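# A look at the structure
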Amino acid sequence: MVCHGNVCRSVGAQYILQNMLDKKGLSDCITVDSAATSREEIGNPIYPPMKAALEKRKIPIGTHRARQLKKADYEKYDLIIGMDEENAYYMRLILGADPEHKIHNLMEYTDHPDSVIDDPWYTRQFDHCAEQLEEGCRGVLAFITKK
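Nothing here was measured: the structure is a model prediction, and the numbers come from that model. (Residues numbered from 1 in each chain as written. Predicted model: local features only at pLDDT ≥ 70, side-chain atom pairs only at ≥ 80, totals over all residues. Heavy atoms only, no water.)

### With respect to the side chain of Asn6
Checked against the element boundaries, Asn6 lands in the loop between strand S1 (2-3) and helix H1 (9-24). Taking relative accessible area as the criterion, Asn6 reaches 0% and is therefore assigned buried. Among the polar contacts listed, one links the side chain of Asn6 to the side chain of Ser10, at a separation of 2.8 Å. Among the polar contacts made by the side chain of Asn6, one reaches the side chain of Ser34 at a distance of 2.9 Å. Those residues in contact with Asn6 that lie beyond four places of it in its chain are Val11, Ser34, Ala35, Ala36, His64, Arg65, Ala66 and Arg67. (Helix = DSSP H or I, 4+ residues; strand = E, 2+ residues; numbered from the N terminus. Buried < 20%, exposed > 50% of the residue type's maximum accessible area, 1.4 Å probe, protein only. Polar contact = N/O pair within 3.5 Å; in protein donor to acceptor, adjacent residues only side chain to side chain. Contact = heavy atoms within 4.5 Å.)

Following this line, the structure appears as C-alpha cells:
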C-alpha cells in the first residue's frame, strides 16, 4: 500500500487489510506492508487522527514507522497499490517500468474503479477515508483469495 507520506492512507490500508487477513487465517501466507512516495514523514508513526479513525473501527494498530518506497519493492511484492493519480505517478518514477502489471489504485478493487482516495491530511475527513480504505481492502481481499 502506497501513499504520499505513509502516515495516513497507506498505513491505514495496511492495518485494515492485515486485520481482514488475520480474521480469515491468511496472515501466514500473505504479507501486507506500506510505504511513501515522499521522504517527508520517514520514521514517523501513523498520524493520530487516522489512528483514531481506525480505532473507532476496532482495527488493531501496530508499531509502524513511515518508510519510502524503493525500487527493490517491485520484486518483493505481487501488488503495489496506491491511493490516487499522484501516487501512481511517483510510484512509476521510483519503481520504473511495470512489466508485470503490479501497480494499481486501491479503488480499482471496488464498484467505482475510477475513484481515488483523497488525502485526509488535507481534507481532514479521516473517517470517510477509513470507509474508503475498508471498501478497497475488501475488494483486494476478494481478488487475492480468488487466485
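That shown, we press on.
### Brief notes about the packing of aromatic side chains
Following the criterion strictly, the structure yields four aromatic pairs and no others. On the numbers, 5.7 Å between centres and 45° between planes, the contact of Tyr47 with Phe126 is tilted. Here Tyr47 is found in the loop between strand S2 (35-36) and helix H2 (48-56), whereas its partner Phe126 is found in helix H6 (residues 126-146), with 79 residues between them in sequence. Classification of Phe126 as buried rests on a relative accessible area of 8%. Ring pairs connect the aromatic residues Tyr47, Trp121 and Phe126, which therefore count as one cluster. Geometry around Tyr74 places Lys102 over its ring, the cationic atom sitting 4.6 Å from the centre. (Phe/Tyr/Trp six-rings, centres within 6.5 Å; stacked < 30°, edge-to-face > 60°. Lys NZ or Arg CZ within 6 Å of the ring centre and 35° of its normal.)

### Examining the environment of Arg65
Tracing the backbone through its elements, the reader meets Arg65 in the loop between H2 and helix H3 (73-76). Measuring from C-alpha to C-alpha, the distance between Arg65 and Leu26 comes to 23 Å, with 39 residues separating the pair along the chain. Those residues in contact with Arg65 that sit more than four places away from it in its chain are Asn6, Gly43, Asn44 and Pro45.

### Overview of the layout of surface pockets
Of the pockets and cavities examined, the largest pocket occupies roughly 460 Å³. Looking at the largest pocket, it is lined by 23 residues, and the ones nearest its centre are Ile30, Thr31, Tyr77, Asp78 and Leu79. At the level of secondary structure, the elements contributing two or more residues to the lining of the largest pocket comprise H3, strand S3 (80-82) and H6. Per-element accounting of the lining of the largest pocket gives the leading share, three residues, to H6. Split by residue class, the lining of the largest pocket holds 15 nonpolar, two polar and six charged. (1 Å grid on protein atoms, 1.4 Å probe; cavity = no way out; pocket = protein on both sides within 12 Å on 5 of 7 lines; lining within 4 Å. Points joined across faces, edges and corners; volume = space filled by probe spheres on them. Nonpolar A, V, L, I, M, F, W, Y, C, P; charged D, E, K, R; others polar.)

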